[in-house]
Amino acid sequence: MRILFVNGPNLNLLGEREPSIYGGTTLQQINDRVRDKARETGVEVVFYQSNHEGEIVERIQKARGQFDALVINPAAFTHTSVAIRDALIAANIPTIEVHLSNPAKRESFRQESLISDVVIGTVSGFGETSYYLGFEAAKEFGKRKE
Ligand code: DQA
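Residues numbered from 1 in each chain as written. Predicted model: local features only at pLDDT ≥ 70, side-chain atom pairs only at ≥ 80, totals over all residues. Heavy atoms only, no water.

S.K.: What am I meant to see in the nonpolar core here?
M.R.: Ile-3, Phe-5, Val-45, Tyr-131 and Phe-135 are the most contacted members of the largest nonpolar core, which totals 24 residues. At the level of elements, strand 1 (2-7), helix 2 (27-41), strand 3 (69-73), strand 4 (95-99) and helix 5 (129-141) are the ones that each hand at least two residues to this core. Take this core: its biggest share by element is five residues, from helix 5. The residues contacting Val-45, other than those within four sequence positions of it, are Ile-3, Phe-5, Val-34, Arg-35, Ala-38 and Phe-135. (Core = buried A, V, L, I, M, F, W, Y, C linked by side-chain atoms within 4.5 Å. Buried < 20%, exposed > 50% of the residue type's maximum accessible area, 1.4 Å probe, protein only. Helix = DSSP H or I, 4+ residues; strand = E, 2+ residues; numbered from the N terminus. Contact = heavy atoms within 4.5 Å.)

S.K.: Would you mind showing me how to read the site of the ligand here?
M.R.: The ligand sits among Arg-17, Tyr-22, Asn-73, Ala-75, Ala-76, His-79, His-99, Leu-100, Ser-101 and Arg-110. Between the ligand and Ser-101 there is a distance of 2.6 Å, counted from an oxygen atom to a side-chain nitrogen or oxygen. Arg-110 places a polar side-chain atom, nitrogen or oxygen, 2.9 Å from an oxygen atom of the ligand. (Near = heavy atom within 4 Å. Polar contact = N/O pair within 3.5 Å; in protein donor to acceptor, adjacent residues only side chain to side chain.)

S.K.: Before we go on, may I ask you to explain unusual backbone geometry in this structure?
M.R.: The phi torsion of most residues other than glycine is negative, and most of the peptide bonds are trans. In this structure, Glu-18 is a non-glycine residue whose phi angle is positive, near 35 degrees. Mapped onto the elements of the fold, Glu-18 is located in the loop between strand 1 and helix 1 (19-22). Although it is not a glycine, Ala-75 sits at a positive phi angle of roughly 55 degrees. Locating Ala-75 in the fold gives a position in the loop between strand 3 and helix 4 (82-91). Of the residues examined, Ala-75 reaches a relative accessible area of 12% and is grouped as buried.

S.K.: How should helix 5 be read in this particular structure?
M.R.: Helical periodicity: at 3.6 residues per turn, an α-helix aligns residues three or four positions apart in one direction. Relative to the 18 Å expected for 13 residues at 1.5 Å per residue, helix 5 spans 18 Å between its end C-alpha atoms, a close match to the ideal helical length. Every buried residue of helix 5 is accounted for by Ser-130, Tyr-131, Tyr-132, Gly-134, Phe-135, Ala-137, Ala-138 and Lys-139. For helix 5, the elements touching its buried residues are strand 1, helix 2, strand 2 (44-49), strand 3, strand 4 and strand 5 (121-124). (Expected span 1.5 Å × (residues − 1).)

S.K.: Mind showing me how you'd approach helix 2 here?
M.R.: Taking 1.5 Å per residue, 15 residues should reach 21 Å; helix 2 reaches 21 Å between its end C-alpha atoms and fits that length. Among all positions in helix 2, only Leu-27, Ile-30, Asn-31, Val-34 and Ala-38 are buried. End-on view of helix 2: buried residues confined to an arc of 95 degrees, all on one side of the axis. For helix 2, the exposed residues set more than 90 degrees away from the buried face come down to Arg-39 and Glu-40. Positive backbone phi, approximately 70 degrees, marks Gly-42, located one or two places after helix 2. (Arc of directions from axis to C-beta.)

In structure tokens, the structure reads:
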């Protein structure tokens with residue numbers, strides 16, 4: 001089973017960026033922990049981060065037919081990107097949306113997700129644990145379980 005993790009803008013700054021909201025763990029550390037969990041279960045994981053909407057769209061397009069599940073934190077693009085939404089629909093890969101914070105408890109502009117209704121489900125509000133729960137969900141709901 002192959003799972004692609006996609007991270008949107010500013011998530012490369014995790015650990016330094018608003019740690020009271022997003023925690024003190026870096027994206028590299030989160031990815032390393034996911035990779036350890038994946039190794040234990042024989043799952044292949046690939047990690048991608050970009051600050052650019054078009055690059056994220058292209059990565060999702062390339063993932064078509066190559067991955068059994070996708071875990072995505074679109075970050076700020078969650079609330080704005082019709083292009084990422086459309087790419088996810090076109091890719092037709094079972095997808096889990098994750099957020100470190102719980103956008104429903106934050107500013108009103110974060111309360112709309114253009115992504116939530118085109119994914120299997122969303123995990124938010126658990127800090128880095130959202131990624132680990134997202135990984136578990138991806139294994140469970142991905143195309144190939146072996
Ligand atoms: C986020 C929430 C978004 O509203 C914000 O723009 C982010 C991170 C989260 O993981 O909590 O960059 O996706």
